[in-house]
Amino acid sequence: MPEEIRTCILCGHDHSTLFDRREHFGRWVHNRLCSRCGLIFQSPRMTAAEAEAHYAAEYRRTIQGREGPTAKDLDFQARRAARLVEFLQRRVKRLQRHLDIGCSAGLLLERVREAYRNEALGVEPGEAYRAYARGNGLQVRASLDEVEAAGQRFDLISLIHVLEHLPDPVGYLVRLRERLLAADGWLLIEVPNVYFHTSFEYEHLYSFSRRTLTEVLRKAGFRVGAVCIQGRPISQLFPFYLTVLARPARRSRRPFRVRPERGAARKRLLGTVFQIFVTQRLPKRWWLLIDIESYQDTTRA
Ligand SMILES: [Zn+2]
């Protein structure tokens, strides 16, 4: 049975309104908007046990027709990894140990290692992707528990299109900061930008704006150093993604007080109208990739 979410993980408020309702691969997906802080979350949603079974095998088969990597997916991941390394290299000089959570085929691990000559470790729950990355000589674990048991600290932890899938992003980020990230380490996060990306998928338990992502990080004890809102590798024009680099914040005695997001419905509407307008006026010019139709699907990545 799906799980109903009543209390907002960001502000603790228990009143929300229905924000979006749609069908995604045959399942109804309901997203709600917290009336106090503007966080958008899915409710009802799959339980922890359902999620575990889903990610072990079913997820990839549903979104791309097979469990293992496809040529299209690998090409897409390679482009994304190249852009993320570009983003990192402008801000981070040296790295020794990189942990990529939800590492998929391992392309980001490889690109970061090429750039920094660091040690690399991945976590990937999908069996076929984990096997693929291991086949390329990467160290990949099935769960974060296995990494934690080894007691190592990392100076870069990345979560690329992972945070929106987690049932408790605040609790998870606290765990990373307290147990796995070096005291002066970097956290690299990318999520869909709810004002441009379709975002409301069965697997996305949260849909973030720049403000709500920043507030989730702040509540988990991080300070945001850099934010990039852009659409590559899909679009030069539409800002489908939010990329953030954060570090552990100094301890504060003041209790966390959320800075609310305002006007979520209006902002999403504006994003949608802008996309429709440009798409009609400048057909093909806003997409970077040649195979436009097949890549439109990957905005759901
Ligand atoms: Zn809230």
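Caption draft 1: How the structure looks around the overall build of the protein. If you tally the helices and strands in the protein, you get nine helices and 11 strands. Taking 2.2 N^0.38 as the reference for a compact globule, 301 residues should give roughly 19 Å; the C-alpha atoms of the protein span a radius of gyration of 19 Å, in line with that estimate. In terms of principal-axis extent, the alpha carbons of the protein reach across some 50 × 45 × 40 Å. Expressed as a percentage of the 301 residues in the protein, the buried residues total 39%. The long-range share in the protein, meaning contacts at least 24 apart out of those at least 6 apart in sequence, stands at 67%.

Caption draft 2: Geometry of the sheet that holds strand S11 (residues 241–248). Reading across from one edge, S6-S5-S4-S7-S8-S11-S10 is the order of the seven strands in this open sheet, with mixed pairing throughout. Either end of the sheet is taken by a strand with one partner, and the two such strands are strand S6 (140–141) and strand S10 (222–230). Pairing of strand S7 (residues 154–160) with strand S8 (residues 181–192), which is carried by six bridges, proceeds in the parallel orientation. The residue bridging Leu159 from the neighbouring strand is Ile189, located in S8. Across the sheet, helix H7 (residues 210–219) is in contact with S8, S10 and S11; its angle to S10 comes to roughly 155°.

Reading guide: rules and limits
- Residues numbered from 1 in each chain as written.
- Predicted model: local features only at pLDDT ≥ 70, side-chain atom pairs only at ≥ 80, totals over all residues.
- Helix = DSSP H or I, 4+ residues; strand = E, 2+ residues; numbered from the N terminus.
- Rg over C-alpha atoms; globule rule 2.2 N^0.38 Å.
- Buried ≥ 20, exposed ≤ 12 C-beta atoms within 10 Å, placed from the backbone.
- Contact = placed C-beta atoms within 7 Å.
- Pairing = 2+ DSSP bridges.
- Axes fitted to C-alpha atoms, helices over the stretch in contact; angles between N-to-C directions.

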